[in-house]
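Summary of the model geometry
Chain by chain, the residues run as shown.
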Amino acid sequence: MALRPEEVTSVIKSELEKFKSKMKMESVGTILQVGDGIARVYGLDDVMAGELVELPGGIMGLVLNLEEESVGIVIFGSDENIKDGDIVKRTGKIAQIPVGKALVGRVVDALGNPIDEKGPIVTDKFRTIESHSPNVIQRQPVKEPLQTGIKAIDSMIPIGRGQRELVIGDRQTGKTAIAIDTIINQKDKDVFCIYVAIGQKLSTIVSVTETLAKYGAMEYTTIVSAPAESPAPLQYLAPYAGCAIGEEFMYNGKHALVVYDDLSKHAQAYRQLSLLLRRPPGREAYPGDIFYLHSRLLERAAKLSDALGGGSLTALPFIETQAGDITSYIPTNVISITDGQIYLETDLFYGGIRPAINVGLSVSRVGGKAQTRAMKSVAGKLRLDLAQFRELAAFAQFGSELDKVTQAQLTRGEKMTEILKQGQFNPLSLSKQVMIIYAGTKGYLDDMPTDRIGDFEEGFYKFIEEKYPDIEHEIATKKEMDASVSEKLDKAVLEFKRQFTQ
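Below: a short report on this structure.

What counts, and where the lines are drawn
- Residues numbered from 1 in each chain as written.
- Predicted model: local features only at pLDDT ≥ 70, side-chain atom pairs only at ≥ 80, totals over all residues.
- Heavy atoms only, no water.
- Pairing = 2+ DSSP bridges.
- Helix = DSSP H or I, 4+ residues; strand = E, 2+ residues; numbered from the N terminus.
- Contact = heavy atoms within 4.5 Å.
- Axes fitted to C-alpha atoms, helices over the stretch in contact; angles between N-to-C directions.
- Salt bridge = Lys/Arg side-chain N within 4 Å of Asp/Glu carboxyl O.
- Buried < 20%, exposed > 50% of the residue type's maximum accessible area, 1.4 Å probe, protein only.
- Core = buried A, V, L, I, M, F, W, Y, C linked by side-chain atoms within 4.5 Å.
- Phe/Tyr/Trp six-rings, centres within 6.5 Å; stacked < 30°, edge-to-face > 60°.

Strand order across the open sheet formed by 8 strands is β8-β12-β11-β13-β14-β10-β15-β16, with mixed pairing between neighbours. The sheet is open, and its two edges are formed by β8 (107–108) and β16 (363–364), each paired on a single side. Pairing of strand β11 (residues 191–198) with strand β13 (residues 255–261), which is carried by 7 bridges, proceeds in the parallel orientation. Note on β13: the bridge partner recorded for V191 is H255. Along the sheet, helix α3 (residues 175–184) makes contact with β10 (166–169), β11, β12 (221–226), β13, β14 (312–320) and β15 (340–344), crossing β14 at roughly 160 degrees. Each of β11, β12, β13 and β14 is contacted by helix α5 (residues 232–250), which is oriented at about 175 degrees to β11, the strand it contacts most.

What follows is the structure, encoded as structure tokens:
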């Protein structure tokens with residue numbers, strides 16, 4: 001077949017008419033210096049603080065310092081293959097993370113990339129890692145309880161939905177155990193949980209994941225992992241990422257709980273970045289904005305007004321102390337930001353009182369507003385009994401002879417301390433807690449040997465389930481202790497006690 005020149009010419013002409021040249025402009029900079037996960041870049045004149053930039057090899061970085069001559073960037077990943085003179089490109093995006101139901105049951109890193117080998121996260125929802133906290137008008141008072149299932153906390157240091165309650169104590173005093181129990185206790189309560197592990201051993205994070213999966217808690221939990229081996233920038237970002245995941249639920253009228261374990265390591269990661277970026281050091285070599293680092297994170301926890309859907313984000317930040325010193329820099333900062341603290345004491349832990357909560361130093365600034373009426377009616381007496389016990393126990397060791405009233409108060413305190421002991425991974429329902437605390441504060445256990453109280457408690461729950469299931473049901477539904485419930489409970493306790501002591 002012969003080619004006709006005019007046909008070829010017309011095809012070329014039409015193709016040339018379709019072609020339009022597009023000029024693409026990119027804002028780029030040149031690396032002046034790189035090392036220790038930090039890059040100094042010349043150029044990028046119009047870059048924004050907190051913007052993501054792309055380095056060679058597809059590695060991302062975050063702009064933290066804007067200086068006259070250069071820009072300070074922290075690198076998310078290894079800087080081994082990055083060298084002076086390499087090109088850095090702007091992305092025009094602020095750091096963001098995928099959010100929504102797709103993340104439930106997954107383990108992700110601080111950038112939202114899945115690390116649990118369950119395939120990619122399919123979602124079209126994203127939230128910026130940093131965002132403004134709700135203002136005064138957008139909030140309402142904390143008034144709805146978030147049950148932890150731990151008797152000592154729910155009775156004396158109650159946590160409400162939208163509250164920020166600090167858990168503070170030395171290493172190995174059971175802080176993470178409280179977090180795990182609280183997450184397990186949210187089963188069937190329509191609360192989404194986010195556990196943020198910052199600077200922990202990988203084996204610890206794996207252990208937490210396996211425990212939550214074993215108790216069926218991964219069905220409503222997301223784990224954000226920034227282990228000790230991950231770079232400081234990722235440890236710095238992890239809590240903000242966890243908060244953004246929780247905010248998605250809060251702003252959609254749902255309830256979320258986020259655990260930051262722990263913010264001491266978060267502060268250390270930020271100190272490392274700040275010193276490498278040559279920001280001036282302050283007290284304990286932390287930068288001047290270390291307070292703002294945690295306040296802008298924790299202020300995002302709130303109970304939203306009904307006009308915005310009434311959702312809530314509850315924060316449980318953890319702080320690790322050195323030798324029980326809660327007066328050092330980071331602990332005092334976080335104590336002043338939060339709505340109370342749960343203080344775990346080493347001496348109590350090794351003395352066999354677990355959870356090792358020091359009731360004297362622990363406080364909830366929301367108080368009884370975050371409790372049901374049933375718990376409030378039995379817990380007021382409990383706190384008083386324990387306060388008197390602590391005071392008298394200090395004097396009792398010096399005196400040989402004690403009067404009957406003092407002796408009775410010491411006995412009551414001893415029994416109540418025993419009642420508040422609780423095994424790990426064994427959170428209790430509200431009605432079970434109310435029933436056993438009621439039995440203790442009413443004095444039914446005062447004449448029982450202390451070492452038998454644990455067995456009594458276990459048997460008592462079974463006895464109630466078999467013989468008086470209506471008591472538990474009434475407390476759970478009414479959420480208050482009226483005369484009829486108290487009467488039935490008195491009868492049940494006495495009946496089981498007779499049976500138990502025979």
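To continue, consider the sheet that holds strand β3 (residues 51–54). Pairing within the closed barrel is antiparallel, and its 6 strands lie in the order β1-β2-β5-β4-β3-β6. Each strand axis lies, on average, 45 degrees off the axis of its neighbour in the sheet, ignoring direction. Inspection of the sheet shows β3 paired to strand β4 (residues 60–66) by 3 bridges, in the antiparallel sense. Counterpart to E54 in the pairing with β4 is M60.

To continue, consider the pattern of salt bridges. Overall, the coordinates contain 30 salt bridges when judged by the stated rule. Ionic pairing is found between R127 and E248, a salt bridge with its closest N-O pair at 3.4 Å. Of this pair, R127 sits in strand β9 (residues 126–128) while E248 sits in helix α5, and the two are 121 residues apart along the sequence. Note on E248: relative accessible area 10%, which makes it buried. In this structure, E320 engages K265 in a salt bridge whose closest nitrogen and oxygen atoms are separated by 3.8 Å. Residue E320 is located in strand β14, and its partner K265 is located in helix α6 (residues 263–276); the two are separated by 55 residues in the primary sequence. One continuous salt-bridge network, built from bridges that share partners, spans K125, R127, E247, E248 and R300.

In this section: the nonpolar core. In terms of nonpolar packing, the biggest core is built from 69 residues, with I183, L212, I342, F460, I471 and L489 touching the most fellow members. Of the residues forming this core, the biggest block, 7 residues, is contributed by helix α12 (residues 430–441). Filtering out sequence-adjacent residues up to four positions away, L212 remains in contact with I180, I183, I184, A217, M218, T221 and I223. Membership of the second largest hydrophobic core comes to 61 residues, among which are I245, L297, L304 and A315.

This part covers the packing of aromatic side chains. Inspection of the entire model under this criterion finds 14 aromatic pairs. Ring centres of Y215 and F425 lie 5.4 Å apart, and the angle between their planes is 35 degrees; on these two criteria the pair is classed as tilted. On the criterion of sequence distance, the pair formed by Y215 in the loop between α4 (202–214) and β12 and F425 in the loop between α11 (404–419) and α12 is long-range, its members being 210 residues apart. Looking at Y215, the relative accessible area reads 28%, which means it is partly exposed.

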